[in-house]
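Letter by letter, the chains look like this.
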Amino acid sequence: YPGHRIVYDMDDADFHLPHLAGPVAEAMREVDLVLAGSRYVADWCRGQGARAQVVWTGTPVSRRRRPPQAARPPIIAWAQSAPGDYHRERAFVRDVMARVTAQHPGAVLRLYGRRPGQGEETAEAFRSAGILTDWLPATGYRDYLRSFDDVAVGLSPVCPENPFSRGKSFGKILAYLDRGVPVITSDAADHGLFFRAGTGVVSNDPEVWAKSICGMLEEAALRQAMATLGFASFRARLTTDAAAREVDGCLRDLLEDDGVHLGMPA
C-alpha cells in the first residue's frame, strides 16, 4: 500500500506458523505500527524492527441476564475450540480433572468445538480417567455464549512449551468473564497482568487448580464473588469499548508524529 501509513493488527503468534513466518517477518519492515494482542507478540515485533503497542482483545458485553452461580450444576468448561490439537494442555486438564473427580465424582468437564467423526481419541483420554465429559459441537457465537450460563468454573490452560501458545491473549477467557464464570488460568501470556486476588486464579500448579475447583464447587458464594469481581475487571479492561480507547490512543500518537493534532476523543 504505497503512500499510506500501515497499522498491522496481530492477536496471535502467527510468526510461529510455517506458512506465515516469512510473510509476517517481511511485513514488520513495512508497517508503521503493530497493535499486538500480548507482550510476547509485541516483543517479537519490536525485535523485527517494528513499532508495537499492546492492545488486549476485547468483546462486547452481552445483554442477557447472568444466572447466579448458586443455580449452576458442577460443570467445568475448557473452552478450547480444538482440544485435540493442544496435547500438553489436554494432558494438564486431564490431570487436574482426575483429581477433581476423585472428590466430586459428579463433576462434568465440558469441551467445545466437536465436529462429526473427530475427537474420539480426545474423548477417550478423559473417559479412561473416569472423567465425565460433555463435548459440544461447533456452533455460532451466540449459542457459544449461552453454553456458559450453567458453567461453574472456566479453565484456560496455556503451555508455553508450544511456541504458538506463548502469544495467547484473552480470547477464550472473554466469554467466561462476560457470562459470570470464575476463571482458573495458567501463569502465562498476560494473564498475571490482568487477574488479581479475588478476580481469578492464576497458577501453573495442577494441585492449585484442583483445590481451587473443588473449593468453588463446594461453595457457590465463593464462585459468585469471584465471578462478580472478574466481570467488573472485564468491563473495565477487556470490552470492545476498552480496546477502542486503547486503539484510539495508539492511532492519535501515530498521527501526531506526522504533525496531525486531533481534538479530545468523544
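Scroll up a little and you will see the structure.
Residues numbered from 1 in each chain as written. Predicted model: local features only at pLDDT ≥ 70, side-chain atom pairs only at ≥ 80, totals over all residues. Heavy atoms only, no water.

Novice: Account for the layout of surface pockets, naming residues and giving values.
Specialist: In this structure, the largest pocket spans a volume of roughly 500 Å³. Lining the largest pocket we find 29 residues, and of these A79, Q80, S81, G171 and K172 sit closest to its centre. For the lining of the largest pocket, the element with the highest residue contribution is helix 6 (residues 171-178), accounting for five residues. Space inside the second largest pocket adds up to approximately 190 Å³. Forming the boundary of the second largest pocket are 15 residues, of which G84, D85, Q118, G119 and W135 lie nearest the centre. Counting only elements with at least two residues in the lining of the second largest pocket, the list comes to strand 5 (108-114) and helix 4 (120-127). For the lining of the second largest pocket, the leading source of residues is helix 4, giving three residues. Classifying every residue of the lining of the second largest pocket gives three nonpolar, six polar and six charged. (1 Å grid on protein atoms, 1.4 Å probe; cavity = no way out; pocket = protein on both sides within 12 Å on 5 of 7 lines; lining within 4 Å. Points joined across faces, edges and corners; volume = space filled by probe spheres on them. Helix = DSSP H or I, 4+ residues; strand = E, 2+ residues; numbered from the N terminus. Nonpolar A, V, L, I, M, F, W, Y, C, P; charged D, E, K, R; others polar.)

Novice: Hey, could you go over helix 4 for me, with residue numbers and the actual values?
Specialist: The set of residues buried in helix 4 consists of T122, A123, A125 and F126. With its buried residues spanning 155° around the axis, helix 4 presents them on a single face. Contacts made by the buried residues of helix 4 are with strand 4 (75-78), helix 3 (87-103), strand 5 and strand 6 (132-137). (Buried < 20%, exposed > 50% of the residue type's maximum accessible area, 1.4 Å probe, protein only. Arc of directions from axis to C-beta. Contact = heavy atoms within 4.5 Å.)

Novice: Give me the lowdown on the packing of helix 3 against helix 4, citing residues and values where you can.
Specialist: Orientation of helix 3 relative to helix 4, taken along the N-to-C sense of each, is 25°, at an axis distance of 10 Å. As the angle between them shows, helix 3 and helix 4 are arranged roughly parallel. You can see that helix 3 and helix 4 cross each other, and the crossing is right-handed. Listed contacts from helix 4 to R90, V93 and R94 of helix 3 are E121, T122, A125 and F126. Partitioned by chemical class, the residues of the contact of helix 3 with helix 4 number three nonpolar, one polar and three charged. (Axes fitted to C-alpha atoms, helices over the stretch in contact; angles between N-to-C directions. Parallel < 35°, antiparallel > 145°, perpendicular 65-115°, else oblique. Left-handed = near helix turned anticlockwise from the far one by under 90°.)

Novice: Tell me about the packing of helix 6 against helix 9 (residues 220-237), residues and numbers included.
Specialist: Where helix 6 meets helix 9, the axes come as close as 8 Å, and the angle between the chain directions of the two elements is 120°. On the basis of the axis angle, helix 6 is oblique to helix 9. Judged by the sense of rotation from one axis to the other, the crossing of helix 6 with helix 9 is left-handed. Taken together, the residues of helix 9 that come into contact with helix 6 (itself represented by L174, L177 and D178) are G230, F231 and F234.

Novice: Mind laying out the sheet that holds strand 1 (residues 7-10), listing which residues take part and the relevant values?
Specialist: Overall, parallel pairing links the three strands, which are arranged 1-2-3 in an open sheet. The open sheet has two edge strands, strand 1 and strand 3 (52-54), and neither has a second partner. Ignoring which end each strand starts from, the neighbouring axes of this sheet average 20° apart. As paired strands, strand 2 (residues 33-36) and strand 3 are joined by three bridges and run parallel to one another. What sits directly across from L35, in strand 3, is Q53. The strands touched by helix 2 (residues 39-47) are strand 1, strand 2 and strand 3; relative to strand 3, the strand with the most contacts, the crossing angle is about 175°. (Pairing = 2+ DSSP bridges.)

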